[in-house]
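The residues making up each chain are set out below.
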Amino acid sequence: QVQLVQSGAEVKKPGASVKVSCKASGYIFIESWLHWVRQAPGQGLEWLGRVNPNSGDTTYAQKLQGRVTMTRDMSSSTVYMELSSLRSDDTAVYFCARRGSAEVFDLWGLGTLVTVSS
Amino acid sequence: DVVMTQTPLSLAVTPGEAASISCRSSQSLLDSDDGNTYVDWYLQKPGQSPQLLIHKLSFRASGVPDRFSGSGSDTDFTLKISRVEAEDVGIYYCMQLTEFPLTFGGGTKVEIK
């Protein structure tokens, strides 16, 4: 089954870090870039960056540069998004999404809620 | 960054009637390298992940009913629903993938009257 399975919800304190995983299955992992998008409560969608599962190359949104790291583990077909120095406005649902062969976001994870609260 | 300005903020539509959502970009989204305009439209139903409706301006994604259509050029884009159905409720987003960082419109909430 073609899917992206994300890790469970997290609660973190301000200043801490969080690492969210996204495990791909049902397709050839290295063939498609995986992107991260977040959605704050009641708000719109914000693109965070992308990782190439084959090369490990990354592109990040300038806004998060220095705080976000996207990596991949080819042995488990999993990508990770780590966000450091968390603030309350990082509270959001974090989605991973595949940009497939037609250059579209054709597969999304269900999202991981990250709550930052003291 | 490319700013995507989406209007209206919300829309209440009678089933069977047409609906139209507009998206305007702060710069041309025509990719001069390949001639594509990388504008997609997504629908996010309550509690769900976004789902692709239209890609590259006007191509319907697999399984999307033909009552959905996308059009436009350069900086002005439109999503039309020819006959709204109850299952079409949710928030619609335009997105540009021509320039990094990728950016989304603010969303249009569609409700049924």
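The rules we used
- Residues numbered from 1 in each chain as written.
- Chains lettered and ligands numbered in written order.
- Predicted model: local features only at pLDDT ≥ 70, side-chain atom pairs only at ≥ 80, totals over all residues.
- Heavy atoms only, no water.
- Pairing = 2+ DSSP bridges.
- Helix = DSSP H or I, 4+ residues; strand = E, 2+ residues; numbered from the N terminus.
- Axes fitted to C-alpha atoms, helices over the stretch in contact; angles between N-to-C directions.
- Phe/Tyr/Trp six-rings, centres within 6.5 Å; stacked < 30°, edge-to-face > 60°.
- Lys NZ or Arg CZ within 6 Å of the ring centre and 35° of its normal.
- Disulfide = S-S within 2.5 Å.
- Buried < 20%, exposed > 50% of the residue type's maximum accessible area, 1.4 Å probe, protein only.
- Contact = heavy atoms within 4.5 Å.
- Patch = residues over 30% accessible without salt bridge, like charges linked within 9 Å, V, L, I, M, F, W, Y side chains within 5 Å.
- Areas by Shrake-Rupley, 256 points an atom, 1.4 Å probe, with all protein chains shown as cover.
- Salt bridge = Lys/Arg side-chain N within 4 Å of Asp/Glu carboxyl O.
- Buried area = accessible area lost by both parts, 1.4 Å probe.
- Nonpolar A, V, L, I, M, F, W, Y, C, P; charged D, E, K, R; others polar.

Asks: Account for the sheet that holds strand β3 (residues 18-25) of chain A, naming residues and giving values.
Replies: Residue and element names in this part refer to chain A. The strand order across the open sheet built from four strands is β1-β3-β8-β7, with neighbouring strands paired in antiparallel fashion. Each edge of the sheet is formed by a strand with only one pairing partner; in this case those strands are β1 (3-6) and β7 (68-73). Between one strand axis and the next, the sheet turns by 20° as a mean value, whatever way the strands run. One ladder, built from four bridges, connects β1 with β3; its direction is antiparallel.

Asks: Lay out the packing of aromatic side chains in plain terms, naming residues and giving numbers.
Replies: Inspection of the entire model under this criterion finds five aromatic pairs over all chains. Through pairs of rings, three or more aromatic residues link up here, namely Phe95(A), Phe105(A), Trp108(A) and Tyr42(B). Just above the ring of Tyr27(A) sits the side chain of Arg98(A); from NZ or CZ to the centre is 4.4 Å.

Asks: Any details on the sheet that holds strand β3 (residues 19-25) of chain B? Residues and values, ideally.
Replies: All names here are of chain B. As summarised here, the arrangement of the four strands in space is β1-β3-β8-β7, forming an open sheet in which the pairing is antiparallel. Of all the strands in the sheet, the pair left with one neighbour each is β1 (4-7) and β7 (68-73). Taken over all neighbouring pairs, the strand axes of this sheet differ in orientation by 20° on average, direction set aside. Bridge count for β3 against strand β8 (residues 76-81) is six bridges, and the pairing is antiparallel. Paired with Cys23 across the strands is Phe77, a residue of β8.

Asks: Please provide a residue-by-residue account of the state of the cysteines, values included.
Replies: All names here are of chain A. Counted according to the given criterion, the structure contains two disulfides over all chains. Across a sulfur-sulfur distance of 2.0 Å, Cys22 and Cys96 are joined as a disulfide pair. Judged by the sign of its S-S torsion, about 75°, the cystine formed by Cys22 and Cys96 is right-handed. Residue Cys22 is found in strand β3, and its partner Cys96 is found in strand β9 (residues 92-99); the two are separated by 74 residues along the sequence. With respect to class, Cys22 is no different from Cys96; both count as buried.

Asks: I'd love a proper account of the pairing of strand β4 (residues 39-44) of chain B, names of residues and values included.
Replies: All names here are of chain B. Among the six residues that make up β4, six are buried, leaving the element largely enclosed by the rest of the structure. Burial of β4 is two-sided: the residues Val39, Trp41 and Leu43 facing one way and the residues Asp40, Tyr42 and Gln44 facing the other way are all buried. As paired elements, β4 and strand β9 (residues 90-96) share six bridges and run antiparallel to each other. Following the sheet pairing, Leu43 is matched in β9 by Tyr92. Across three bridges, β4 lies against strand β5 (residues 51-55) in antiparallel orientation. Paired with Tyr42 across the two strands is Leu52, which belongs to β5. Linkage of β4 to β5, two consecutive antiparallel strands, is achieved through a turn of six residues, within which Gly47 is found at a positive phi near 75°.

Asks: Which residues make up the environment of Thr37(B), and what values go with them?
Replies: Residues and elements named next belong to chain B. Relative to the helices and strands, Thr37 is located in the loop between β3 and β4. When the C-alpha atoms of Thr37 and His55 are compared, they prove to be 9.0 Å apart, with 18 residues separating the residues in sequence. Ignoring anything within four residues of it in the chain, the contact list for Thr37 reads Leu29, Leu30, Lys56, Leu57 and Phe77.

Asks: Describe in detail a nonpolar patch on the surface, supporting the description with residues and values.
Replies: A cluster of nonpolar side chains, contributed by Ile28(A), Ile30(A) and Met74(A), occupies part of the molecular surface with about 260 Å² of accessible area. One can find Met74(A) in the loop between β7 and β8 (78-83).

Asks: An account of the interface of chain B and chain A is needed here, citing residue identities and associated values.
Replies: Between chain B and chain A, the contact holds 17 residues from the first and 19 residues from the second. Here chain B and chain A share an interface that buries about 1500 Å² over both sides, 66% of which is from carbon and sulfur atoms. Considering only the surface of chain B that becomes buried against chain A, Pro50(B), Phe100(B) and Phe104(B) emerge as the three largest contributors, covering 32% of it. The interface formed by chain B and chain A holds zero salt bridges in total. Residue assignment for the side of chain B that touches chain A shows that the elements contributing at least two residues are β4, β5 and β9 of chain B. Per-element accounting of the side of chain B that touches chain A gives the leading share, three residues, to β4(B). Taken together, the residues of the side of chain B that touches chain A sort by class into eleven nonpolar, four polar and two charged.

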